[in-house]
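Spelled out from the first residue to the last, the chains are:
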Amino acid sequence: MKSYKIEGVILRTVDFGDSNRVVTIYTRDFGKIEINAYGCRRAKSPLSGALQMFNLISAEINQGAKVDSIKEADVIKFYGNLTADVEKIAYASLFFEIVNRMTLPKFPEVGVYDLILKTLPALDERNARIAALIGICKFLEFTGEQLNYFHCVHCGKKIENDAAFSLTDGGAVCKNCVGTARNILNYPQNLRLTFYEILNFDWKQHLNFSQQEIISAEEIILNYVQSIIGKELNAVKFIRQLENL
């Protein structure tokens, strides 16, 4: 049986049978892959500790006729705070769910992989809500579904001062074109500047964003992503439940 080695981050796990698990991993060399992990949920399985959400792992994969399977795996980096804080779990899950839903299998994109590796420590050690929003905004720039924050999506004019934002049309709308736009939200100048700071954010910087800035930017981004996917994200439902506790 042929085998190959990978390095990647676990995006998603789904249990099946009494002791098995399907593991979705975003890898540097192969992009997103789905692998079966047979017996990994048994207490004595050497795979049980490694194949958890958010782990950065190295693994040896056996090629199968239909589905590949994990032969062995080791943890490169364990993000312990993510497993101990329910709010961090919620926002890390949000980022990972969006990456999983908006990437194609076996389509490697080193930029996406590097972004995941930069976002994970921020989710683990810093404000997870802000880190998730920054990660999602930066991720959208790789997808072909990126929004236009700074020029009117109808006439191309640079946006000045307060304007509008159309989720349906994919971005900012100037005052001259607002009458032809659909699904309009308010887009004040300070929110546009917030998106500029997010897209140009260096992960070494402090997360200096006000709560209102984050709420407004998050509303646009999550509504847009869910309009593309066609349904509410599971992580959004979880976050809403936490907010209502």
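Everything that follows concerns the structure shown earlier in this document.
Residues numbered from 1 in each chain as written. Predicted model: local features only at pLDDT ≥ 70, side-chain atom pairs only at ≥ 80, totals over all residues. Heavy atoms only, no water.

K.L.:
For this particular structure, what's the right way to read the environment of L207?
P.N.:
Following the sequence through the fold, L207 ends up in the loop between α5 (189-199) and α6 (211-229). A relative accessible area of 17% places L207 in the buried class. Through-space distance from the C-alpha of L207 to that of L233 is 25 Å; in sequence the pair is 26 residues apart. Once residues within four sequence positions are removed from consideration, L207 is found in contact with R126, N127, I130, I134 and F201. (Helix = DSSP H or I, 4+ residues; strand = E, 2+ residues; numbered from the N terminus. Buried < 20%, exposed > 50% of the residue type's maximum accessible area, 1.4 Å probe, protein only. Contact = heavy atoms within 4.5 Å.)

K.L.:
For this particular structure, what's the right way to read the pairing of strand β3 (residues 31-37)?
P.N.:
Look at any regular strand and the pattern is simple: side chains alternate between the two faces of the sheet. In terms of residue burial, β3 counts as a mostly covered element, since six of its seven residues are buried. Strand direction decides the pairing type here: strand β2 (residues 20-27) and β3, joined by seven bridges, are antiparallel. Bridging from a neighbouring strand, T27 pairs with G31 of β3. (Pairing = 2+ DSSP bridges.)

K.L.:
Got a minute to help me understand the pattern of salt bridges in this structure?
P.N.:
Under the criterion given, the structure shown has eight salt bridges. With a closest N to O distance of 3.6 Å, R41 and D15 form a salt bridge. Of the two residues, R41 is situated in the loop between β3 and β4 (56-62) and D15 in strand β1 (residues 3-16); the sequence distance between them amounts to 26 residues. For D15, a relative accessible area of 41% gives the class partly exposed. A salt bridge links K71 to E60; the shortest N-O distance between them is 3.8 Å. One end of the pair, K71, is in strand β5 (residues 69-77); the other, E60, is in strand β4, and eleven residues separate them in sequence. (Salt bridge = Lys/Arg side-chain N within 4 Å of Asp/Glu carboxyl O.)

K.L.:
What am I meant to see in the side chain of N100 here?
P.N.:
With respect to the secondary-structure elements, N100 resides in helix α2 (residues 86-101). Not counting residues up to four positions away in its chain, the partners in contact with N100 are L11, R12, T24 and K32.

K.L.:
Where do I start with the nonpolar core in this structure?
P.N.:
Nonpolar side chains in soluble globular proteins tend to be buried together. Among the nonpolar cores identified, the biggest contains 66 residues, and L94, I98, I116, Y187, F195, I220 and I221 are the most heavily contacted of them. Those residues in contact with I98, other than ones at most four positions away along the chain, are I136, F139, L222, V225 and L233. I33, C40, L47 and A59 belong to the second-largest nonpolar core, a separate cluster that totals 17 residues. (Core = buried A, V, L, I, M, F, W, Y, C linked by side-chain atoms within 4.5 Å.)

K.L.:
Even after reading the chapter, I still don't get the packing of helix α3 (residues 110-125) against helix α4 (residues 128-140), so can you show me in this structure?
P.N.:
Packed helices, taken two at a time, are described by the angle between their axes plus the distance between the axes. For the pair α3 and α4, the least separation of the axes is 9 Å and the interaxial angle reads 170°. The pairing of α3 with α4 is recorded here as roughly antiparallel in orientation. Seen from α3, the contacting residues are V112, L115, T119, A122 and L123; seen from α4, they are A128, A131, A132, G135, K138 and F139. Classifying every residue of the contact of α3 with α4 gives eight nonpolar, two polar and one charged. (Axes fitted to C-alpha atoms, helices over the stretch in contact; angles between N-to-C directions. Parallel < 35°, antiparallel > 145°, perpendicular 65-115°, else oblique. Nonpolar A, V, L, I, M, F, W, Y, C, P; charged D, E, K, R; others polar.)

K.L.:
Would you mind going over unusual backbone geometry with me for this structure?
P.N.:
Most peptide bonds adopt trans geometry, and most residues besides glycine take a negative phi value. Although it is not a glycine, F54 adopts a positive phi angle of roughly 80°. Here F54 lies in the loop between β3 and β4. Taking relative accessible area as the criterion, F54 reaches 5% and is therefore assigned buried.

K.L.:
Which parts of the structure should I look at to understand the side chain of E60?
P.N.:
With a relative accessible area of 15%, E60 lands in the buried category. The residues touching E60, leaving out its near neighbours within four places in the chain, are S3, Y4, K5, S69, I70, K71 and E72.

K.L.:
Sorry if this is basic, but what is going on with the pairing of strand β8 (residues 184-187) here?
P.N.:
Here β8 shows a buried face lined by L185 and Y187 and an unburied face lined by I184 and N186. Bridging between strand β6 (residues 163-166) and β8 involves four bridges; their strand directions are antiparallel. Bridged to A163 within β8 is Y187.

K.L.:
Can you walk me through the packing of aromatic side chains in this structure?
P.N.:
How two aromatic rings sit relative to each other is set out by the distance from centre to centre and by the angle between their planes. A full pass over the atoms with the stated rule returns twelve aromatic pairs. When the centroid spacing of 6.3 Å and the interplanar angle of 50° are considered together, the rings of F201 and F209 count as tilted. On the accessibility criterion, F201 (5% relative accessible area) is buried. Owing to a relative accessible area of 12%, F209 belongs among the buried residues under this scheme. Seen from the ring of Y79, K77 lies directly overhead, with NZ or CZ sitting 5.7 Å from the centre. (Phe/Tyr/Trp six-rings, centres within 6.5 Å; stacked < 30°, edge-to-face > 60°. Lys NZ or Arg CZ within 6 Å of the ring centre and 35° of its normal.)

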